[in-house]
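An overview of the molecular structure
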Amino acid sequence: MVEIVARLGRHLCVPLFLLAGLAAMPANAQQPDAAKPSIYEKPTVVNGLVKVCKVGRVARMVGELFEFADTQGLNKFVVPAGPMPGGYCVFGRVPYPVGSKVTIVETPTFGVKTTDIAVAPGGRLVAKDTDRNSATIEIGIGVVEITFYQTEIERGWLEVCKVGDGLSGNAVFSIDGMPGTFTVPVGACSPAAYVPSGQIVIREVQPPPGAVWSNGGCRTIPANRQVACDDSAHTSTVQIVGGDISVQTIAIITDRPGGSSTVYDPNRPAGPGSGPTPPDNGGQSQTPVEQPR
């Protein structure tokens, strides 16, 4: 560049100090500005997927649907229970950023308990809680698989009997944690139902016409199966023992006519039209008539 400027100076008679200034200018002085990064360009986030698997340790669980969800509210999983050893699996639709921690929780199912939770690769497991049906994992590149192993709780039999001195009509009941309702006429009993063992709550959702919940009107056969009786909630909590129908729990729930101050007394004879006398553990009273099966 200096040599070129010197030659121009000799031919054009341009003062050397001006040409020297031109020579000293940066080479890129006449170049356009270099392209700048777009404000919309962002680093790429690497994602990973979660797969939830369900193993039913009892053959009759296979094919039954169970629901799972993450605590972020991004994915829900409806997974059919499959046979041992791997069960059936469902992928989440929405991926998670690598390195993030995700907790998957199963919606509780009445009568089913979690025996174990496994994660693969094993190093992705952060925490698990079989009592709360949950597992927390760390997302990595690729897939993280969470397998829930579950079995049925041992089952027993429950029969609900309805007593009401001076009442007639039907009462409607439900069992907390189980779908649907069932109807029992005053003076009769329901068919025996196969329910999970342990404590269960019977709820009178609709009393017979003109009836109100009795003061402490809950009892069982055998007597030691009655756990609690809540007048305000219209609930009777009873104990179910696993086994065949011979060890069933009979729950007896008594209503009284509205406006009456009568407190249920199992030893007091029933009035006319009240149906069978309330059953007595001592065998002195007649057990309410059981509904046809």
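Just above sits the structure.
Because the structure is predicted, anything quoted here is derived from the model rather than measured.

Some words on the layout of surface pockets
- In this structure, the largest pocket spans a volume of roughly 160 Å³.
- Together, 13 residues line the largest pocket, and Ile-175, Met-178, Phe-182, Ala-193 and Val-195 are the ones closest to its centre.
- Of all elements in the fold, only strand S11 (155-164), strand S12 (170-175) and strand S15 (193-196) reach the threshold of two or more residues within the lining of the largest pocket.
- Of the residues belonging to the lining of the largest pocket, the class tally is 9 nonpolar, 4 polar and no charged.

Details of the side chain of Asp-70
- Turning to its location among the elements, Asp-70 is positioned in strand S2 (residues 65-70).
- Look at Asp-70: it is buried, it has no salt bridge, and the nearest opposite charge is Lys-76 at 9.3 Å.
- At 2.9 Å, the side chain of Asp-70 and the backbone nitrogen of Leu-74 are in polar contact.
- Those residues within four positions of Asp-70 in sequence are excluded, and the remaining contacts are Asn-75, Tyr-96, Val-102, Thr-103 and Ile-104.

Comments concerning the pairing of strand S20 (residues 249-257)
- Taking burial as the measure, the 9 residues of S20 include 8 buried ones, the bulk of the element.
- Taken together, the 7 bridges between S11 and S20 define a ladder with parallel strand orientation. Across the sheet, Val-160 pairs through a bridge with Ala-251, a residue of S20.
- Both strand S17 (residues 211-221) and S20 contribute to a ladder of 7 bridges, which runs antiparallel. By the bridge assignment, Ala-211 is partnered in S20 with Pro-257.

Some thoughts on the sheet that holds strand S16 (residues 198-206)
- Taken together, 5 strands build an open sheet; the order of strands is S13-S12-S16-S19-S18 and the sheet is antiparallel. Edge positions in the open sheet fall to strand S13 (182-185) and strand S18 (226-230), since each of these has one partner strand only. Between one strand axis and the next, the sheet turns by 30° as a mean value, whatever way the strands run.
- One ladder, built from 4 bridges, connects S18 with strand S19 (residues 235-240); its direction is antiparallel. Bridging from a neighbouring strand, Cys-229 pairs with Ser-236 of S19.

Thresholds, definitions, all that
- In every chain, residue numbers begin from 1 and rise along the written sequence.
- Under the rules for a predicted model, residues below a pLDDT of 70 receive no local features and side-chain atom pairs below 80 are neither given nor counted, while totals for whole chains, interfaces and linings still include all residues.
- Side-chain measures here rest on the full set of heavy atoms in the structure, leaving out hydrogens and waters.
- Cavity: a set of points on a 1 Å grid over the protein atoms alone where a 1.4 Å probe fits but cannot get out. Pocket: an open set with protein on both sides within 12 Å along at least five of seven lines, its lining residues, like those of a cavity, having an atom within 4 Å of a point.
- Grid points are joined across faces, edges and corners, and a volume is the space filled by probe spheres set on the points.
- We count a stretch as a helix when DSSP gives it H or I for four or more residues in a row; a strand needs E for two or more, and each element gets its number in order from the N terminus.
- All residues other than Ala, Val, Leu, Ile, Met, Phe, Trp, Tyr, Cys, Pro, Asp, Glu, Lys and Arg, Gly among them, are scored as polar; the first ten of these are nonpolar and the last four charged.
- Each residue is placed in one exposure class: buried if its accessible area under a 1.4 Å probe, protein chains only, is under 20% of its type's maximum, exposed if it is over 50%, and partly exposed if it falls in between.
- Charged-residue counts in this description rest on Lys and Arg as positive and Asp and Glu as negative, His and the chain ends being excluded.
- Counted as salt bridges are all cases of a side-chain nitrogen of Lys or Arg within 4 Å of a carboxyl oxygen of Asp or Glu.
- N or O atoms within 3.5 Å of each other form a polar contact, as long as, within protein, one can give a hydrogen and the other can take it, and as long as residues adjacent in sequence are counted only when both atoms are side-chain atoms.
- Contact between two residues is taken to exist if any of their heavy atoms lie within 4.5 Å; hydrogens are not considered.
- A pair of strands is labelled paired if DSSP reports no fewer than 2 bridges between them.
- The axes used here are C-alpha line fits, helices contributing only the stretch in contact, and every angle between their N-to-C directions lies in the interval 0 to 180 degrees.

On their own, these measurements won't tell you what the molecule is for.
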